[in-house]
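Survey of secondary and tertiary structure
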Amino acid sequence: MKKRPLIAGNWKMYKTASEAVTLVQTLKAAAHAVSNVTIVICPPFTALSEVSRVLKDSPIHLGAQNMYCAPEGAFTGEISPMMLKDSGCRYVILGHSERRQYFKEDDILIHEKVKTALKYSIIPIVCVGETLAEREAKKHFDVVKAQFADSIGRLEKEDIPKVVIAYEPVWAIGTGKTATPDQAEQMHSYIRRLLNERYSQEVGSRIPLLYGGSVKPDNTKSLMEKPNIDGALVGGASLKAESFAQIIQEAQQTYETGNKS
Ligand code: PEP
């Protein structure tokens, strides 16, 4: 039996607060037709509070794209877990490859952020994934294993069930090059095995594993049909209501059809 899919939209550094409100109003209307998908949107910090007001009484959840690992303090330019909660966030994306690449975040810092998010009951969507050079050197499994061990595998057994993991091959993000469903499934089943070995099969089977990297309406079904792909983290295609709504509908149909057969 497949898990209820989770589709999360990462809006990156796009949309002013008023543009975000317009987009979310359309999405909110589209979400009424969806009952079997968990939907999360992650606008920029400056739009969170206004989007949260629009989402009141809506099944769409709000998430942020980053967070610092201290509860408060002299950390100019950073955002705390309490600030996210105050803005209505239930989720936070941590360790996105753009944070790793441009802001030099490493797995030790990401782990601290994951622990802090959990302490404040915010669900972390923790990203892992290899670069093109690492895949070409056939190091992709080793890279993801190390990222997993340092950012996730150091969590206690009681904390791990609250985590979502996103496999995002860096070479597929924003490039239009999606991993094939088989490439994605291979890595997802590897991550599932890492979870089973580190924690237990019961725990491993419960953790949602999202795929991210140029997910579009026309490739959602083939990805979501794979047994270990439980959802998607969507960048570019989440910036337009029509394409994000189509991805959600594809995920819902694939889930309903798969669980009937
Ligand atoms: C992302 O930003 O996490 C992402 C997967 O982007 P895109 O869908 O544009 O590749």
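Higher on the page you've got the structure.
A few points on the structure. (Residues numbered from 1 in each chain as written. Predicted model: local features only at pLDDT ≥ 70, side-chain atom pairs only at ≥ 80, totals over all residues. Heavy atoms only, no water.)

**Some remarks on the environment of Ser214**
Rules: Each helix is a run of H or I in the DSSP string that is no shorter than four residues. Each strand is a run of E no shorter than two, and both are numbered from the N terminus. Residues are treated as being in contact if the distance between any of their heavy atoms lies within 4.5 Å. Here a polar contact is recorded for every N or O atom pair within 3.5 Å, except that within protein the pair must consist of a potential hydrogen donor and a potential acceptor, and residues adjacent in sequence are included only if both atoms are side-chain atoms.
With respect to the element layout, Ser214 can be found in the loop between strand S7 (209-212) and helix H10 (217-224). Sequence spacing of Ser214 and Ile173 is 41 residues, and the spatial spacing of their C-alpha atoms is 5.7 Å. Once you skip the residues sitting within four places of it in the chain, Ser214 turns out to touch Ala172, Gly174, Thr175, Gly176, Lys177, Thr178 and Asn219. There is a polar contact of 2.7 Å between the side chain of Ser214 and the backbone oxygen of Ala172.

**Quick word on the packing of aromatic side chains**
Counted only if it meets this: Ring pairs are drawn from Phe, Tyr and Trp, using the six-membered ring of Trp, whenever the two centres fall within 6.5 Å, and their geometry is named by plane angle: stacked under 30 degrees, edge-to-face over 60, tilted for the rest. Only lysine NZ and arginine CZ atoms are considered, and such an atom sits over a ring when it is within 6 Å of the ring centre and within 35 degrees of the ring normal.
Per the stated rule, a full pass over the model turns up three aromatic pairs. Here Phe141 and Tyr190 contribute two aromatic rings whose centre-to-centre distance is 5.0 Å and whose plane-to-plane angle is 65 degrees, an arrangement assigned as edge-to-face. Here Tyr190 lies in helix H8 (residues 181-198) and Phe141 lies in helix H7 (residues 140-152), a separation of 49 residues in the sequence. Here the basic side chain of Arg99 rests over the ring of Phe103, its NZ or CZ set 4.0 Å away from the ring centre.

**Some remarks on H10**
Put simply, the rule reads: Any residue under 20% of the maximum accessible area for its type is buried, any over 50% is exposed, and the rest in between are partly exposed; the area is computed with a 1.4 Å probe on protein chains only. In this description, one arc is meant: the one made by directions from the helix axis to the C-beta atoms.
Buried residues of H10: Pro217, Asn219, Thr220, Leu223 and Met224, and no others. Down the axis of H10, the smallest arc covering the buried residues is 150 degrees, so these residues share one side.

**Regarding the nonpolar core**
Applicable threshold: Buried residues of nine kinds, namely Ala, Val, Leu, Ile, Met, Phe, Trp, Tyr and Cys, make up a nonpolar core once their side-chain atoms join them within 4.5 Å.
Within the largest apolar cluster, 70 residues are counted, with the highest numbers of intra-cluster contacts made by Ile41 and Ile165. Dropping the residues within four chain positions of it, Ile165 is found in contact with Val126, Val128, Phe148, Ile152, Ile191, Leu195, Ile207, Pro208, Leu209 and Leu210. One finds Cys42, Ile123, Cys127 and Leu233 within the second-largest nonpolar core, a separate group that totals 13 residues.

**Details of the pairing of S7**
Convention followed: Here the rule is simple: two strands pair whenever DSSP picks up at least two bridges between them.
The alternating pattern of S7 places Leu209 and Tyr211 and Leu210 and Gly212 on opposite faces, both of which are buried. Here strand S6 (residues 164-167) pairs with S7 via three bridges, running parallel. Residue pairing across strands places Tyr167 opposite Tyr211, the latter belonging to S7.

**Describing the packing of H7 against H8**
For the record, the criterion: As a rule, the C-alpha atoms of each element are fitted with a line to give its axis, helices using only the stretch in contact, and angles between N-to-C directions run from 0 to 180 degrees. By definition in this entry, angles of less than 35 degrees are roughly parallel, angles greater than 145 are roughly antiparallel, angles of 65 to 115 are roughly perpendicular, and the rest are oblique. Should the near helix be turned counterclockwise from the far one by less than a right angle, the crossing is left-handed, whereas a clockwise turn marks it as right-handed. Amino acid classes used here: Ala, Val, Leu, Ile, Met, Phe, Trp, Tyr, Cys and Pro are nonpolar; Asp, Glu, Lys and Arg are charged; the rest, including Gly, are polar.
With their axes 11 Å apart at the nearest point, H7 and H8 run at an angle of 40 degrees to one another. Classed by the angle they form, the pair H7 and H8 counts as oblique. In this structure, the crossing between H7 and H8 has a hand that is right-handed. For the pair H7 and H8, contact is made by His140, Phe141, Val144, Lys145 and Phe148 and by Gln186, Met187, Tyr190, Ile191, Leu194, Leu195 and Arg198, respectively. Residues belonging to the contact of H7 with H8 are distributed by class as follows: eight nonpolar, two polar and two charged.

**Structural notes on the pattern of salt bridges**
Counted only if it meets this: Every case where a carboxyl oxygen of Asp or Glu lies within 4 Å of a side-chain nitrogen of Lys or Arg is listed as a salt bridge.
Applying the stated rule across the entire model yields 13 salt bridges. Here Lys12 and Glu98 are joined by a salt bridge, their closest N and O atoms 2.8 Å apart. Within this pair, whereas Lys12 is found in the loop between strand S1 (6-10) and helix H1 (17-31), its partner Glu98 is found in helix H4 (residues 97-102), the two being separated by 86 residues in sequence. One salt bridge connects Arg192 with Asp230, and the closest N-O pair in it is separated by 2.9 Å. Of this pair, Arg192 sits in helix H8 while Asp230 sits in the loop between H10 and strand S8 (231-234), placing them 38 residues apart in sequence.

**Remarks on the site of the ligand**
Put simply, the test is: Whether a residue is near a molecule or strand depends on its heavy atoms: it is near if one of them lies within 4 Å of it. The accessible surface values rely on the Shrake-Rupley method and a 1.4 Å probe; as for residues, cover is taken only from the protein chains in view.
If you check the shell around the ligand, you find 14 residues, and the closest are Lys12, Glu168, Gly174, Ser214 and Gly236. At 2.7 Å from an oxygen atom of the ligand is found a side-chain nitrogen or oxygen belonging to Lys12. In isolation the ligand exposes 290 Å². Once the protein is present, 97% of that is buried. Each residue belonging to the shell around the ligand can be placed in one class, and the counts come to four nonpolar, eight polar and two charged.

**Here's the deal with the sheet that holds strand S5 (residues 123-128)**
Read around the barrel, eight strands follow the order S1-S2-S3-S4-S5-S6-S7-S8 and close on themselves; strand pairing throughout is parallel. Here the strands of the sheet are splayed against their neighbours by 25 degrees on average, with no regard to which way each runs. Packed on one face of the sheet, H7 meets S5 and S6 and runs near 150 degrees to S5.

**Re unusual backbone geometry**
Of note, the phi angle at Lys12 is positive, near 50 degrees, even though the residue is not glycine. The exposure class assigned to Lys12 is buried, which follows from its relative accessible area of 17%. Of note in this structure, Ser121 is not a glycine but carries a positive phi near 55 degrees. Checked against the element boundaries, Ser121 lands in the loop between helix H5 (107-119) and S5.

**Examining the environment of Ala20**
Topologically, Ala20 is positioned in helix H1. When the C-alpha positions of Ala20 and Leu239 are compared, they lie 9.1 Å apart, and in sequence the two are 219 residues distant. Not counting the four nearest positions on each side in its chain, Ala20 is found in contact with Trp11, Lys15, Ala47 and Val51.

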